[in-house]
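Understanding the architecture of this molecule
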Amino acid sequence: MKSSAELRQAFLDFFAERDHTPVESSPLVPGNDPTLLFTNAGMVQFKDVFLGREKRSYSRAVSSQRCVRAGGKHNDLENVGYTARHHTFFEMLGNFSFGDYFKREAIGFAWELLTKTLEMPADRLWITVYTDDDEAARIWLDEIGADPARFSRCGEKDNFWSMGETGPCGPCSEIFYDHGPEIPGGPPGSPDEDGDRYVEIWNLVFMQFDRDANGELHPLPRPSVDTGMGLERLAAVMQDVHSNYEIDLFQALIRAASEVTGCADLGNKSLRVIADHIRSAAFLIIDGVTPGNEGRGYVQRRIIRRAIRHGYQLGQTAPFFWRLVEPLVEQMGDAYPELRERRAHVERVLRTEEERFADTLEQGLRIFDEIAAQLEGTEIPGEAVFRLYDTYGFPADLTADIARERALTLDMAGFERAMSAQKERARAASQFGAGAVIQLDIEGETDFTGYEGLVDQATVIICYQD
Ligand code: ATP
Ligand code: MG
Ligand code: MG
Ligand code: MG
């Protein structure tokens, strides 16, 4: 058996032995891209290198990058607890070529690592390439000898990557692992490909073109390679389990979650959600994101409150989430020393948020039950979603999470309308004159964020006219 920690190291070593420079994971808040919510792939810290704006002393790199996909373009928050393969926080193993090697070497390295070094059975792997990428198809089928029966060409959605509207882009080739016929789901490219039988483990991106403002593709003089493999998905394959939540690292966190919530059933979905969320919440705090009402801080708040609600669901009404920091440090503190160093701070931030939400969570859940009991159809009205948000501090996706467990949906358009109406009222109120609106914050926070911001339940707005 290979532990997650050993696999991370095996990947780094494999590429270091092949002249790749090991590069540290960058923080979750991208330093070079204000438009990106969180670092969501290994290539993010190398963006300017790919664009040719930045030079490095190496042309090959390898990294294990911490990633969060809980908001923005890549959002897997809703998948957590429902699929075997998605997390909000995960580690992406990647090798990169900056105008150095291209398709042949990238494909060769991947195949060698998986089937030789890690001894994965080739007949469990399934390969995809982009529809018209004959070059990659030829390398796989003729040079590597991949089985044409486990090979498909896929369209733009999954197999064509671009950095933005313009700029570097190119076809991808993805490697899937077949977890066996007893699991529902079809091969990539088939109508039921979204199941969990064939799990995508590695994506090889071939940056081949530069797209101009007219959408035309021009070949890059020195094409590059960017790859990403989820460490947790790799560990699931290597540890011979189907779900990422069954790997060593997650089993340890799930056991810890079981202890702090008192839920003895280790297969319980809420335990998986809590084990997932402690990783994103803790690493986001280390990287400077604390729970708040806007932007990154609000995503962080949504993650933490979602976890707390799942603990509550298991019967734990006292603060418990912060107690998972210690077991997390045990699992990941060696790879990320900053986690160990800042443990007390992370615990404090989480505990404060737990105490803050405790006041309204129980009431909010009661209100939800009342609404659900009176419901005629299966859709929670937008006004109700807004009330839970505004008065009880329930982010809409938290309400959606509860609703989904009862086969209910939310009227999100109605929620948005209610939200706009409230902003309108706040704006009108602020026009009574300068200084006529005072914001009082029960918690004593002083940072006034304006009425465009999301108003927390702990915030009271008093308007007066003289
Ligand atoms: P999927 O189709 O399964 O959602 P993806 O195509 O969105 O994956 P990529 O953007 O290609 O994923 O990311 C590269 C690799 O990172 C994937 O092949 C997978 O191994 C891993 N990965 C992506 N998203 C997640 C996630 N939410 N949790 C864990 N691993 C992930
Ligand atoms: Mg995805
Ligand atoms: Mg995919
Ligand atoms: Mg992919």
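Residues numbered from 1 in each chain as written. Chains lettered and ligands numbered in written order. Predicted model: local features only at pLDDT ≥ 70, side-chain atom pairs only at ≥ 80, totals over all residues. Heavy atoms only, no water.

1. Thoughts on the overall build of the protein chain
Counting secondary structure elements, the protein chain contains 15 helices and 13 strands. Its C-alpha atoms give the protein chain a radius of gyration of 24 Å, within 12% of the compact-globule value 23 Å for 466 residues. Summarising its shape, the C-alpha atoms of the protein chain cover approximately 80 × 55 × 50 Å along the three principal directions. A buried classification covers 57% of the 466 residues belonging to the protein chain. When the accessible surface of the protein chain is summed, it comes to about 20,400 Å², and 47% of that surface belongs to carbon and sulfur atoms. Within the protein chain, the 77 negative side-chain charges are centred at a point lying 1 Å from the centre of the 49 positive side-chain charges. (Helix = DSSP H or I, 4+ residues; strand = E, 2+ residues; numbered from the N terminus. Rg over C-alpha atoms; globule rule 2.2 N^0.38 Å. Buried < 20%, exposed > 50% of the residue type's maximum accessible area, 1.4 Å probe, protein only. Areas by Shrake-Rupley, 256 points an atom, 1.4 Å probe, with all protein chains shown as cover. Lys, Arg positive; Asp, Glu negative; His and termini not counted. Charge placed at Lys NZ, Arg CZ, Asp CG, Glu CD.)

2. Section: the coordination of the magnesium ion (ligand 4)
Around the magnesium ion (ligand 4), the protein contributes the donor atoms Glu 174 (OE) and Glu 200 (OE), which lie 2.0 to 2.2 Å from the metal centre. Of the residues examined, Glu 200 reaches a relative accessible area of 24% and is grouped as partly exposed. (Donors = N, O, S within 2.8 Å, 3.2 Å for Na, K, Ca; no water.)

3. Some words on empty space enclosed by the protein
Under the criterion given, the structure shown has 3 cavities of 30 Å³ or more. What the largest cavity holds in volume is close to 80 Å³. Lining the largest cavity, in full, are Ile 308, Tyr 312, Gln 316, Thr 317, Ala 318, Pro 319, Phe 320, Glu 354, Phe 357, Ala 358 and Leu 361. Secondary structure elements with two or more residues in the lining of the largest cavity: helix H9 (295–313) and helix H12 (343–374). Looking at the lining of the largest cavity element by element, the count peaks at 4 residues for H12. Residues belonging to the lining of the largest cavity are distributed by class as follows: 8 nonpolar, 2 polar and 1 charged. (1 Å grid on protein atoms, 1.4 Å probe; cavity = no way out; pocket = protein on both sides within 12 Å on 5 of 7 lines; lining within 4 Å. Points joined across faces, edges and corners; volume = space filled by probe spheres on them. Nonpolar A, V, L, I, M, F, W, Y, C, P; charged D, E, K, R; others polar.)

4. Quick notes on the side chain of Arg 18
In this fold, Arg 18 is placed in the loop between helix H1 (4–16) and strand S1 (21–22). Separated by 2.8 Å, the side chain of Arg 18 and the backbone oxygen of Phe 14 make a polar contact. Apart from residues lying up to four places away in sequence, Arg 18 is in contact with Arg 60, Phe 109 and Glu 112. (Polar contact = N/O pair within 3.5 Å; in protein donor to acceptor, adjacent residues only side chain to side chain. Contact = heavy atoms within 4.5 Å.)

5. A word on the pattern of salt bridges
All chains considered together, the criterion is met by 33 salt bridges. Its salt-bridge partner being Lys 157, residue Asp 158 comes within 3.4 Å of it at the nearest N-O pair. Taking relative accessible area as the criterion, Asp 158 reaches 32% and is therefore assigned partly exposed. The residue Asp 369 makes a salt bridge to Arg 406 at a minimum N-O spacing of 2.8 Å. One end of the pair, Asp 369, is in helix H12; the other, Arg 406, is in the loop between helix H14 (396–405) and strand S11 (409–410), and 37 residues separate them in sequence. (Salt bridge = Lys/Arg side-chain N within 4 Å of Asp/Glu carboxyl O.)

6. As for helix H15 (residues 412–430)
Given a rise of 1.5 Å per residue, 19 residues ought to cover 27 Å, and the 27 Å separating the end C-alpha atoms of H15 matches this to within 8%. Within the sequence span of H15, burial applies to Gly 414, Phe 415, Ala 418, Met 419, Gln 422, Ala 426 and Ala 429. Down the axis of H15, the buried set is contained in an arc of 140°. They therefore lie on one face. Capping of H15 at its N-terminal end is provided by Asp 411; its side-chain oxygen lies 3.4 Å from the backbone amide nitrogen of Ala 413. (Expected span 1.5 Å × (residues − 1). Arc of directions from axis to C-beta.)

7. Here's the deal with the site of ligand 1
In the vicinity of ligand 1, 16 residues are found, and the nearest of them are Asp 76, His 86, Glu 200, Asn 203 and Gly 230. Between Asp 76 and ligand 1, the recorded distance is 2.6 Å, taken from a side-chain N or O atom to a nitrogen atom. Protein chains shield 87% of the accessible area of ligand 1, which is 590 Å² for the free molecule. Mapped by element, the contributors of at least two residues to the shell around ligand 1 are strand S3 (89–97), strand S8 (198–211) and strand S9 (217–230). No other element matches S8, which puts 4 residues into the shell around ligand 1. For the shell around ligand 1, the per-class residue count stands at 5 nonpolar, 5 polar and 6 charged. (Near = heavy atom within 4 Å.)

8. A look at the nonpolar core
The biggest cluster of nonpolar side chains holds 116 residues, and the ones touching the most others in it are Leu 114, Trp 140, Trp 202, Phe 321 and Leu 350. Broken down by element, this core gets its largest block of residues, 11 residues, from helix H8 (residues 269–286). Leaving out residues up to four positions away in the same chain, Leu 350 has contacts with Ile 278, Ala 281, Ile 285, Ile 304, Phe 321, Trp 322 and Val 325. Ala 41, Phe 46, Val 49 and Met 163 belong to the second-largest nonpolar core, a separate cluster that totals 20 residues. (Core = buried A, V, L, I, M, F, W, Y, C linked by side-chain atoms within 4.5 Å.)

9. Some remarks on unusual backbone geometry
Residues other than glycine seldom take positive phi values, yet Asp 19 does so here, at roughly 65°. Structurally, Asp 19 is set in the loop between H1 and S1. A relative accessible area of 61% means that Asp 19 is categorised as exposed. The phi dihedral of Ala 407 is positive, around 60°, even though this residue is not glycine.

10. Notes on the environment of Ile 285
With respect to the helices and strands, the residue Ile 285 is situated in helix H8. For Ile 285, a relative accessible area of 1% translates into the label buried. Linking Ile 285 and Val 346, residues 61 residues apart in sequence, is a C-alpha distance of 6.2 Å. In this view, Ile 285 contacts Gln 300, Arg 342, His 345, Val 346, Val 349 and Leu 350; residues no more than four positions away in its chain are not counted.

11. Things to note about the packing of H12 against H14
At a minimum axis separation of 12 Å, H12 and H14 run at an interaxial angle of 45°. Regarding the angle of H12 to H14, the classification is oblique. Considering how the two elements wind past one another, H12 and H14 form a crossing that is right-handed. Here Phe 357, Leu 365 and Phe 368 of H12 come into contact with H14, specifically with Leu 398, Thr 399, Ile 402 and Ala 403. (Axes fitted to C-alpha atoms, helices over the stretch in contact; angles between N-to-C directions. Parallel < 35°, antiparallel > 145°, perpendicular 65-115°, else oblique. Left-handed = near helix turned anticlockwise from the far one by under 90°.)

12. Concerning the confidence of the model for the protein chain
Caution applies to low-pLDDT parts of the model: their predicted coordinates are not meant to be read in detail. Residues at a pLDDT of 70 or more form 92% of the protein chain, whose mean pLDDT is 91. Within the model, the stretch residues 434–466 combines pLDDT values under 50 with 59 contacts to residues more than four positions away or in other chains. The ipTM assigned to the predicted complex is 0.99, against a pTM of 0.90. (pLDDT = per-residue confidence, 0-100.)

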